[in-house]
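These are the residues of each chain, in order.
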Amino acid sequence: MKNRLFPLISLVVLTGASVLAQDIAGGGSVMRDISGGAALIFRAPQNPSVHLIAGGQGTASGGRNKNRTPKPPERKQDAIIARANAARSAPSPRYAEAEQQYQLATQIAPDDARAFAGLGNVYVDQGKFEDAVKAYQQAIRVKADYSAAYLPLAFSLARLNRYPEAIDVYRQTLKFDSTSPEVYNNLSFAYNHSDRFLDAVDASQQAIKLLGETGEAYKLGFQERNEIRSYAFKNLGNAYSGLKRYDEAANALKKAAEIEPSNASAHFNLGLTLYTAGRYSEAIESYKEVIKLRPRLAQAYFNLALTYVAINDKPAAMAQYETLKSLDAEMAKQLYDVIR
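Counting starts from 1 at the beginning of each chain's written sequence and moves along it residue by residue. Local features in this predicted model are restricted to residues of pLDDT 70 or higher, and side-chain atom pairs are both shown and tallied only at a pLDDT of 80 or more, whereas totals for entire chains, interfaces and linings draw on every residue. As a convention, hydrogens and water are excluded, and side-chain values are obtained from all of the structure's heavy atoms.

Engineer: What is the right way to look at the packing of aromatic side chains in this model?
Structural biologist: To describe a pair of aromatic rings, one takes the distance between the centres and the angle between the planes. In this analysis, rings of Phe, Tyr and Trp, with Trp reduced to its six-membered ring, are considered paired at centre separations within 6.5 Å, and the interplanar angle assigns stacked below 30 degrees, edge-to-face beyond 60, and tilted for intermediate values. Tallied over the entire structure, the rule returns seven aromatic pairs. For the pair F268 and Y287, a centre-to-centre distance of 5.7 Å together with 75° between the ring planes defines the contact as edge-to-face. Separated by 19 residues along the polypeptide, F268 in helix α11 (residues 264-276) and Y287 in helix α12 (residues 280-293) bring together distant segments of the chain. Buried residues are those whose accessible area, probed at 1.4 Å on protein chains only, stays under 20% of the maximum for their type, while exposed residues exceed 50% and partly exposed ones sit between those limits. Take Y287: its relative accessible area is 0%, and that puts it in the buried class. What links up through ring pairs into an aromatic cluster is the set F42, F129 and F155. Counting from the N terminus, the helices are the DSSP runs of H or I reaching at least four residues and the strands are the DSSP runs of E reaching at least two.

Below, the structure is given as structure tokens:
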């Protein structure tokens, strides 16, 4: 998908000069990804389970409890998968060894989805997403209900910008767990990247609903819960921006900034959207908050100055220019051409 400006910032045209509000990623009229501070939620997949018989007999614990559910018999590939798991989970992961052992397990037992899923885990750990996709897809071909392969497969597809495929896989995961806010958040992210903004709104709202108004409905720890809430509101804001419903976009991003009060990027993205919505006084406050958090971020001074220009406050804009000169002389020159 092509990069685009996000949020969609109106051109500021003064004395013949056309200038775009600056993106946090760099100076000039930069292009940026649609994500606007949102992200996929991804947790490293767990190793595939194995059953090894302790002492070579009985159950895994070696006991003989009649009330205990009988364990499945140990298979030849179990020991191989266990060695692969140990190599992957070592304090310094031994990925080459893990990959070799999982590969061996797939050759010995090509009908065992665990070996292919484990191989996918090794690849996703290393950012080898093309290989991860192939491994996870094979795991699912072997065992269609092997639920552990679906989320990392969808994540890998999204990282490859194969968003329509990622959407299909995320939707399939809902058949295993229809109450996962992570899945709905990630669906919204993928929908936004596929220009399916109404679907993105619905998915974000479902994530927010599952998390509860304050996140208390969600079972994970406070930090994780707030992380997902913040991304869900950012994805919601992105979706509204895609629909050109800028006031609603600003309100959603404002909520994200409230959840992450010390996150400069959250306030910066809010400022961009408030600027687009024509809510200049609020945009000014957002950029001031960014400057408190990141006092040497040149783009924040540039955007704050442009916002002052929008309300015809030239002295305040020039004050930002004076600060910007020592941070980025080229950006300051561009700004001066607009203000004068």
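Engineer: Would you mind showing me how to read the side chain of N85 here?
Structural biologist: For N85, the location among the structural elements is in helix α1 (residues 76-89). Under the rule applied, a polar contact is a pair of N or O atoms within 3.5 Å (in protein, one hydrogen donor and one hydrogen acceptor; residues adjacent in sequence only if both atoms are side-chain atoms). From its side chain, N85 meets the backbone oxygen of P48 in a polar contact 2.9 Å long.

Engineer: Is there a simple way to explain the nonpolar core in this structure?
Structural biologist: Side chains of nonpolar character tend, in soluble globular proteins, to be buried together. As used in this record, nonpolar core signifies buried Ala, Val, Leu, Ile, Met, Phe, Trp, Tyr and Cys residues forming a set joined through side-chain atoms within 4.5 Å. In this structure, Y102, L153, Y170, L187 and L236 are the most contacted members of the largest nonpolar core, which totals 58 residues. A total of eight residues in this core trace back to one element, the largest contributor, which is helix α3 (residues 113-125). The next biggest cluster of nonpolar side chains, apart from the first, holds 34 residues, and it includes A264, L270, L272 and L335.

Engineer: What should I look at first to understand the layout of surface pockets in this one?
Structural biologist: One simple way to see leftover space: roll a probe sized like a water molecule over the atoms. Using protein atoms alone on a 1 Å grid, points that fit a 1.4 Å probe yet trap it form a cavity, whereas open point sets bounded by protein on both sides within 12 Å along at least five of seven lines form a pocket; residues with an atom within 4 Å of a point count as lining. Grid points are joined across faces, edges and corners, and a volume is the space filled by probe spheres set on the points. What the second largest pocket holds in volume is close to 160 Å³. In terms of lining, the second largest pocket is formed by K254, A257, E258, H267, L270, L274, E282, E285, S286 and E289. Mapped by element, the contributors of at least two residues to the lining of the second largest pocket are α10 (246-259), α11 and α12. Looking at the lining of the second largest pocket, the element that brings in the most residues is α12, giving four residues.

Engineer: Is there a simple way to think about helix α14 (residues 314-325) in this case?
Structural biologist: The periodicity of an α-helix, 3.6 residues per turn, causes residues three or four places apart in sequence to face the same way. How far a helix is expected to stretch is found by multiplying one less than its residue total by 1.5 Å. The end-to-end C-alpha distance of α14 is 16 Å, a good match for the 16 Å that twelve residues give at a rise of 1.5 Å each. What makes two residues a contact is simply this: any of their non-hydrogen atoms within 4.5 Å. Tucked inside the fold, the buried residues of α14 contact α12, α13 (298-310) and α15 (329-339).

Engineer: Explanation requested: the side chain of S204 in the structure shown.
Structural biologist: Its location among the elements puts S204 in helix α8 (residues 197-211). The contacts of S204, once residues within four sequence positions are left out, are Y184, S188, A232, N235 and L236.

Engineer: Any chance you could explain the packing of α13 against α15 here in plain terms?
Structural biologist: Interhelical geometry of α13 versus α15 gives an angle of 0° and a closest axis separation of 11 Å. Relative to α15, α13 is oriented roughly parallel. Where α13 abuts α15, its residues A298, Q299, F302, A305, L306 and V309 lie against M331, Q334, L335, V338 and I339. Three classes are used: nonpolar for Ala, Val, Leu, Ile, Met, Phe, Trp, Tyr, Cys and Pro, charged for Asp, Glu, Lys and Arg, and polar for all others, with Gly counted as polar. Of the residues belonging to the contact of α13 with α15, the class tally is nine nonpolar, two polar and no charged. Only the contacting stretch of a helix is used when fitting its axis, a line to C-alpha atoms as for every element, and angles between N-to-C directions run 0 to 180 degrees. Working definition: roughly parallel below 35 degrees, roughly antiparallel above 145 degrees, roughly perpendicular at 65 to 115 degrees, and oblique for all remaining angles.

Engineer: Sorry, what's going on with unusual backbone geometry here?
Structural biologist: Of note in this structure, N161 is not a glycine but carries a positive phi near 65°. Inspection of the secondary structure assignment puts N161 in the loop between α5 (150-159) and α6 (163-173). Under the relative-accessibility criterion, N161 is labelled partly exposed at 46%. One non-glycine residue with positive phi stands out, namely N312, at about 65°. Here N312 shows up in the loop between α13 and α14. Judged by its relative accessible area of 70%, N312 is exposed.

Engineer: Explanation requested: the environment of A38 in the structure shown.
Structural biologist: Residue position: A38 is located in the loop between β2 (17-19) and α1. Relative accessible area serves as the criterion here: at 8%, A38 is assigned to the buried category. Taking the C-alpha atoms as reference points, A38 and A266, separated by 228 residues in sequence, lie 9.0 Å from one another. For A38, the contacting residues outside a window of four places in its chain are F189, Y231, K234, N235 and N238.

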